[in-house]
Amino acid sequence: MLDRWTMPMTQGPLEALASKLAGRVSPDQVTLLGFIVGMSALPLLAFEYYALALVAIIINRISDGLDGALARLTGKSSEAGGFLDIGLDFVFYAAVVLGFALARPEENALAAAFLLFAFIGTGTSFLAFAIAARGQDKLRTDLPNKAFYYLEGLTEGTETVAALVLFCLFPTHFAWLASLFAIACLITTTTRLWGGYRALKTQDAAPDRTQ
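Residues numbered from 1 in each chain as written. Predicted model: local features only at pLDDT ≥ 70, side-chain atom pairs only at ≥ 80, totals over all residues. Heavy atoms only, no water.

### With respect to the packing of aromatic side chains
Step number 1: Inspection of the entire model under this criterion finds 10 aromatic pairs.
Step number 2: For the ring pair Phe119 and Phe181, a centre distance of 6.3 Å and an interplane angle of 80° mean the geometry is edge-to-face. Of this pair, Phe119 sits in helix 6 (residues 105–133) while Phe181 is found in helix 8 (residues 174–205), placing the two residues 62 residues apart along the sequence. Of the two residues, Phe119 and Phe181, both sit in the buried class.
Step number 3: Pairing Phe167 with Phe174 gives two aromatic rings, centres 5.0 Å apart and planes at 75°, and the pair type is edge-to-face. Across the pair, Phe174 and Phe167 agree in class, each one buried.
Step number 4: Among the aromatic side chains, those forming a connected cluster through ring pairs are Phe90, Phe92, Tyr93, Phe119, Phe126 and Phe181. (Phe/Tyr/Trp six-rings, centres within 6.5 Å; stacked < 30°, edge-to-face > 60°. Helix = DSSP H or I, 4+ residues; strand = E, 2+ residues; numbered from the N terminus. Buried < 20%, exposed > 50% of the residue type's maximum accessible area, 1.4 Å probe, protein only.)

### Concerning the packing of helix 2 (residues 27–39) against helix 5 (residues 79–103)
Step number 1: Orientation of helix 2 relative to helix 5, taken along the N-to-C sense of each, is 5°, at an axis distance of 10 Å. Of the possible angle classes, the one that applies to helix 2 and helix 5 is roughly parallel. Counting all contacts with helix 2, which are made through Asp28, Thr31, Leu32, Phe35, Gly38 and Met39, the residues of helix 5 involved are Gly81, Leu84, Asp85, Leu88, Val91, Phe92 and Ala95.
Step number 2: The residue inventory of the contact of helix 2 with helix 5, partitioned by class, reads eight nonpolar, three polar and two charged. (Axes fitted to C-alpha atoms, helices over the stretch in contact; angles between N-to-C directions. Parallel < 35°, antiparallel > 145°, perpendicular 65-115°, else oblique. Contact = heavy atoms within 4.5 Å. Nonpolar A, V, L, I, M, F, W, Y, C, P; charged D, E, K, R; others polar.)

### Structural notes on unusual backbone geometry
Comment: phi is negative for the bulk of residues other than glycine, and the bulk of peptide bonds are trans.
Step number 1: Phi angles above zero are rare outside glycine, and Glu48 is one such case at about 65°.
Step number 2: The residue Glu48 is located in the loop between helix 3 (41–46) and helix 4 (50–74) in this model.

Encoded structure:
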């Protein structure tokens, strides 16, 4: 929901950082390094080193924006890079939730399972629309820097980052924070499925003007 406003604000700093890295590392290397750092949050969370885990999460999220900025700056944007980026993003998100479940299983496991269930809905609706909308420029949104056809919702990248930060800042309240975010994710899944279906149905029904 907030990505359309936050992304323009982050592009300037990311492009400035990308200009310093151009020629030194590739976008895919930034993606992989950011993923490795982000995955360190899992054991850190499991042992309840929440401050260090938060640092790892923030570095991962900066890398997630930086790889795209670097790819555009160097002309190395690719389908492979976009695929790697989004695939590792979902693994990272799940790993953070698992870390909280491992930290305090009696308190957090059920809420973590609920949130992972909700993530399946947001992730599959997001990617299914990207596949179905491929090649249909009329279905693009106002987020041109996204590697995939993007179907907006209540919970997007900005809201997810905010949720992960809140989890680390208030770990004793993870269960109810995660449950609230899971409900928001389920709302996103519902609206994406309905909105995506209607958009694709309308596109299917439109006359073919290429003939």
